[in-house]
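# A closer look at the structure
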Amino acid sequence: MPKEAIVRTIGLKKTFLLGKIPLHVLKGIDIEIYRGEYISIMGPSGSGKTTLFNMIGGLDKPTEGKVYIDEVDIAQLDAYELAWLRCRKIGYIFQTFNLIPVMTALENVMLPMIFGGMENDEAMNKAKSLLETVGLGERLHHKPFELSGGQQQRVAIARALANDPAIILADEPTGNLDLKTGKEIIHLLKEMNKNKEVSIITATHDLKMLDVSDRVIWIRDGMIERIEDRENLQIKVGEVEGEE
Amino acid sequence: MQESVPGKKIDKQLTLPLRHALNMSIRNIKIRFGRSIIVTSSIILGIAFLMSILANNAFMAGILEKGPEHIKIALQQDIEEMKIRQIWLVSLSLLVCVVGIVNAMLMAVTERAREIGTMKCLGALDKYIVEIFLLESSMQGVIGSIIGVIFGFAASFIVYLLKYKGLVWSIFPTELLLKYSLFSILLGVIISVIGAIYPAYVSAKMEPAEAIRREV
Ligand SMILES: Nc1ncnc2c1ncn2[C@@H]1O[C@H](COP(=O)(O)OP(=O)(O)OP(=O)(O)O)[C@@H](O)[C@H]1O
Ligand SMILES: [Mg+2]
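Computed from a predicted model, the values in this text were never measured in an experiment.

### So, the overall build of chain A
- From N to C terminus, chain A includes eight helices and 10 strands.
- Taking 18 Å as the expected radius of gyration for a compact globule of 244 residues, we find that chain A reaches 18 Å, a close match to that expectation.
- Each of the three principal axes of chain A carries a C-alpha extent, and together these read 45 × 45 × 45 Å.
- The 244 residues of chain A split such that 57% are buried.
- Contacts spanning at least 24 positions in sequence make up 70% of the contacts within chain A whose residues lie at least 6 apart.
- Split by element, the accessible area of chain A, about 10,600 Å² in all, is 50% carbon and sulfur.
- Distance from the positive charge centre (30 side chains) to the negative charge centre (37 side chains) of chain A: 2 Å.

What follows is the structure, given as structure tokens:
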């Protein structure tokens, strides 16, 4: 089976204007991510990881270059199609969880399905089973503030999976979690990656993430420094850990 | 190479059933009670003021219609000059009311930027965001106006009761008061919606990345 690129960027650039001074955050990123891959994007703080995510996820517009999701140039989409893409094709996970505070865990997971036009009962059943999958079957009716950070992130993972997306974008999903909880979240993501065949792209400083990644993309100052397969990684991990 | 994108546009539908939008708005009002109070109280004040003046007019009309001769003559003189002042006061108070609502809604938008950004990530169209904000403000408009009408009526009624005692009952202008109440409530809702349109529009137009970046 030929590898099928689910995400492709070509010459992606993003420049922010700070007053009149241009800040070149992404300076030409070309990546190809295949269906079912688990990708980690590593790089120092401020290197442009979140910015890259926002471009890939259709959350912001690139200054130059193109983003293809499933071979569709997302710059060509109108507002409606873009919302549809965010709803059905991509699941988002954030460092700060970003659950809707006034809604219960169950309702948070149901929301993307409701937007996607699913019947209420069907959405509820699916949300329940997703929450069970992430180990929160007992906490369906709790509000986010009644849940721990790790539990909130599990809800967020269930929500990201709601419409069976092709891609999950996770920006530092373990950034606000302790070591053990972070590990659990990483393994949960890996499990979803395997079982649901969803491509996962994470940005992270978390070296634990390297173990589960198929490839690691290192970026620095808005450019790709190197891309590594997992096989070549093992040695490096020790090295990097030594650096910190 | 031919790129085939079969059927990609077919089942692209997005919805936000009214039931869910309503549900979300009601919860937002309940949970952000402090903020709701600010919005609602500016409506209450504006509408109470309007209603007290309208009720005053209604009682006066009642007296002019059914009251005893000597009181009628005394009243007639006041009426002309009062009318002009009233229009001024009412317009001013309603203006203040709109400014209060816009202000409180703008704060609500800032506070909820991240939530709005997140909803857009989940597939919310701009119009859902607008819908939720407008629903919220119109519900606040209904509640605030009803309370305002009650207060406004009560104020006017007490003044007349003290001044004319039992006479008030015999001239009680029920029909006119009902008409004015409905008018005030309607106006209150319209003002709330007008006051919320701009903030709702602003919040809906934010790029999700921008909205989520905002620290609150
Ligand atoms: N909307 C914006 N306006 C101006 N500058 C921005 C904006 N978004 C990001 N930047 C700048 O772009 C650079 C890269 O930011 P980005 O958030 O992508 O980094 P990051 O790699 O995600 O960092 P971290 O690991 O700390 O999350 C930073 O210097 C940041 O200040
Ligand atoms: Mg970041």
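### Details of the pairing of strand β4 (residues 64–69) of chain A
All names here are of chain A.
- Relative to β4, strand β1 (residues 5–18) runs antiparallel, the two being bridged by five bridges. Following the sheet pairing, K13 is matched in β4 by E64.
- Note that β4 and strand β5 (residues 72–73) share two bridges and pair antiparallel. Its bridge partner lying in β5, Y68 is registered against D73.
- The hairpin turn running from β4 into β5, its antiparallel successor, is two residues long, and D70 in that turn takes a positive phi close to 55°.

### Some points on the nonpolar core
- Ranked by internal contacts, the top residues of the largest apolar core, which has 61 residues, are L111 and F115 of chain A together with F59, M119 and Y164 of chain B.
- A total of 12 residues in this core trace back to one element, the largest contributor, which is helix α2 (residues 33–66) of chain B.
- Ignoring anything within four residues of it in the chain, the contact list for M119 of chain B reads I100, L111 and F115 of chain A together with M24, A124, I129 and I132 of chain B.
- Ranked by size, the runner-up nonpolar core spans 37 residues in total, among them Y38, I114, L131 and L147 of chain A.

### Here we look at the site of ligand 1
- Taken together, 15 residues lie near ligand 1, and S45, G46, K49, T50 and T51 of chain A sit nearest.
- Mapping the residues adjacent to ligand 1 onto the chains of the assembly identifies chains A and B.
- At 3.0 Å from an oxygen atom of ligand 1 is found a main-chain nitrogen or oxygen belonging to G48 of chain A.
- H205 of chain A places a polar side-chain atom, nitrogen or oxygen, 3.1 Å from an oxygen atom of ligand 1.
- Out of a free accessible area of 640 Å², ligand 1 has 74% covered by protein chains.
- Residue assignment for the shell around ligand 1 shows that the elements contributing at least two residues are β1, β2 (21–34) and α1 (49–56) of chain A.
- Looking at the shell around ligand 1 element by element, the count peaks at three residues for α1 of chain A.
- Tallied by class, the residues present in the shell around ligand 1 amount to five nonpolar, seven polar and three charged.

### Notes on the interface of chain A and chain B
- Chain A puts 34 residues into the contact, and the matching count from chain B is 33 residues.
- Summed over both partners, the interface of chain A with chain B comes to about 3,100 Å²; 60% of that surface belongs to carbon and sulfur atoms.
- Taken together, chain A and chain B are joined by two salt bridges.
- Note that E107 of chain A is salt-bridged to R27 of chain B, the shortest N-O span being 2.5 Å.
- Inspection of the region where chain A meets chain B yields 10 residue pairs in polar contact (both at pLDDT 80 or more).
- Of all elements in the fold, only α2 (79–88) and α3 (105–115) of chain A reach the threshold of two or more residues within the side of chain A that touches chain B.
- Residues that form the side of chain A that touches chain B fall into these classes: 17 nonpolar, seven polar and 10 charged.

### Some points on the UniProt feature "transmembrane region" (unreviewed entry) in chain B
- Under the UniProt annotation, "transmembrane region" (unreviewed entry) lies at residues 33–55, 87–110, 142–162 and 182–204 of chain B.
- Across residues 33–55 of chain B one finds 100% helix and 0% strand; the C-alpha atoms that close the span lie 30 Å apart.

### Structural notes on the environment of F59 of chain B
All names here are of chain B.
- Relative to the elements of secondary structure, F59 occurs in helix α2.
- Sequence spacing of F59 and V168 is 109 residues, and the spatial spacing of their C-alpha atoms is 7.7 Å.
- For F59, the contacting residues outside a window of four places in its chain are F153, S156, F157, Y160, V168, I171, F172, P173 and L177.

### Topic: the side chain of E37 of chain A
All names here are of chain A.
- Relative to the elements of secondary structure, E37 occurs in the loop between β2 and β3 (38–42).
- Accessibility expressed as a relative area gives 10% for E37, which makes it buried.
- With sequence-adjacent residues up to four places away left out, E37 is seen in contact with E32, N193, V198, S199, I200, D214 and R215.

### A closer look at the packing of aromatic side chains
- With the rule as written, the count across this model stands at 12 aromatic pairs over all chains.
- When the centroid spacing of 6.4 Å and the interplanar angle of 10° are considered together, the rings of Y92 of chain A and F94 of chain A count as stacked.
- Overall, Y92 of chain A belongs to the buried group, its relative accessible area being 4%.
- For the ring pair F153 of chain B and F157 of chain B, a centre distance of 5.4 Å and an interplane angle of 20° mean the geometry is stacked. On the criterion of helical spacing, the pair formed by F153 of chain B and F157 of chain B is a turn pair, its members being four residues apart in helix α5 (residues 126–164).
- According to the relative accessible area criterion, F153 of chain B is partly exposed, its value standing at 25%.
- Ring pairing ties together the aromatic residues F59, F153, F157, Y160, Y164, W169 and F172 of chain B, which thus form one cluster.

### Remarks on the sheet that holds β4 of chain A
- The antiparallel open sheet is built from four strands, whose spatial order is β2-β1-β4-β5 (chain A). The open sheet has two edge strands with one neighbour each: β2 and β5 of chain A.

The rules we used
Residues numbered from 1 in each chain as written. Chains lettered and ligands numbered in written order. Predicted model: local features only at pLDDT ≥ 70, side-chain atom pairs only at ≥ 80, totals over all residues. Heavy atoms only, no water. Helix = DSSP H or I, 4+ residues; strand = E, 2+ residues; numbered from the N terminus. Rg over C-alpha atoms; globule rule 2.2 N^0.38 Å. Buried < 20%, exposed > 50% of the residue type's maximum accessible area, 1.4 Å probe, protein only. Contact = heavy atoms within 4.5 Å. Areas by Shrake-Rupley, 256 points an atom, 1.4 Å probe, with all protein chains shown as cover. Lys, Arg positive; Asp, Glu negative; His and termini not counted. Charge placed at Lys NZ, Arg CZ, Asp CG, Glu CD. Pairing = 2+ DSSP bridges. Core = buried A, V, L, I, M, F, W, Y, C linked by side-chain atoms within 4.5 Å. Near = heavy atom within 4 Å. Polar contact = N/O pair within 3.5 Å; in protein donor to acceptor, adjacent residues only side chain to side chain. Nonpolar A, V, L, I, M, F, W, Y, C, P; charged D, E, K, R; others polar. Buried area = accessible area lost by both parts, 1.4 Å probe. Salt bridge = Lys/Arg side-chain N within 4 Å of Asp/Glu carboxyl O. UniProt positions renumbered as here; feature names shortened; annotations may be inferred. Phe/Tyr/Trp six-rings, centres within 6.5 Å; stacked < 30°, edge-to-face > 60°.

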